[in-house]
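# Observations on the model geometry
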Amino acid sequence: MNLDREVPVAGLTADDIATIWRIPKGTIYRYAHKHGWRRYTDSGRTYYHPNDVTTVLDDLAQ
């Protein structure tokens, strides 16, 4: 058993993020690139790590 591996986290799609924070998808892609959001692809969809998303977007909302 390898305990150094990160446990998979349910991710957020760009559509999820756009709906929750009411921002354009282009802005999401820009923030993801600029802030190095962790992501994975499953069945052709990209999912972003929720902790990365909320850290950046909550900070920007303040």
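Throughout, residues of each chain are indexed from 1 in the direction in which the sequence is written. Local features in a predicted model are, by the rule used here, given only for residues with pLDDT of at least 70; side-chain atom pairs are given and counted only at 80 or more, and totals for whole chains, interfaces and linings are based on all residues. To obtain the side-chain values, all non-hydrogen atoms of the structure were included, while hydrogens and water were left out.

### Section: the overall build of the protein chain
- Put simply, DSSP H or I for four residues or longer makes a helix, DSSP E for two residues or longer makes a strand, and each gets a number counted from the N terminus. Of regular secondary structure, the protein chain possesses three helices and two strands.
- Across the protein chain, helices and strands are ordered from the amino to the carboxyl terminus as α-α-β-β-α.
- Think of it in three bands: with a 1.4 Å probe and only protein chains considered, a residue is buried below 20% of the maximum accessible area for its type, exposed above 50%, and partly exposed in between. Classification of the 62 residues of the protein chain by burial places 31% in the buried group.
- The contact criterion used is simple: two residues touch if any of their non-hydrogen atoms lie within 4.5 Å. A separation of at least 24 residues holds for 49% of the contacts in the protein chain among residues at least 6 apart in sequence.
- Note on areas: these come from Shrake-Rupley sampling with a 1.4 Å probe, and a residue is covered only by the protein chains present in the view. About 4800 Å² of surface is accessible on the protein chain, with carbon and sulfur atoms providing 50% of the total.

### Notes on the packing of aromatic side chains
- Planes of paired rings set the category: under 30 degrees apart is stacked, over 60 is edge-to-face and the rest tilted, where pairs are Phe, Tyr or Trp rings (Trp by its six-membered ring) whose centres lie within 6.5 Å. Counted by the stated rule, this structure contains two aromatic pairs.
- Ring geometry for Tyr40 versus Tyr47: centroids 5.3 Å apart, planes at 20 degrees, classification stacked.

### Here's the deal with the confidence of the model for the protein chain
- You can read pLDDT as the predictor saying how much it trusts each residue, on a scale of 0 to 100. Counting all residues, the mean pLDDT for the protein chain is 88, and 85% of those residues have values of 70 or more.
- The lowest-confidence element of the protein chain is helix α3 (residues 50-61), averaging 91 in pLDDT; the highest-confidence one is helix α2 (residues 25-35), averaging 96.

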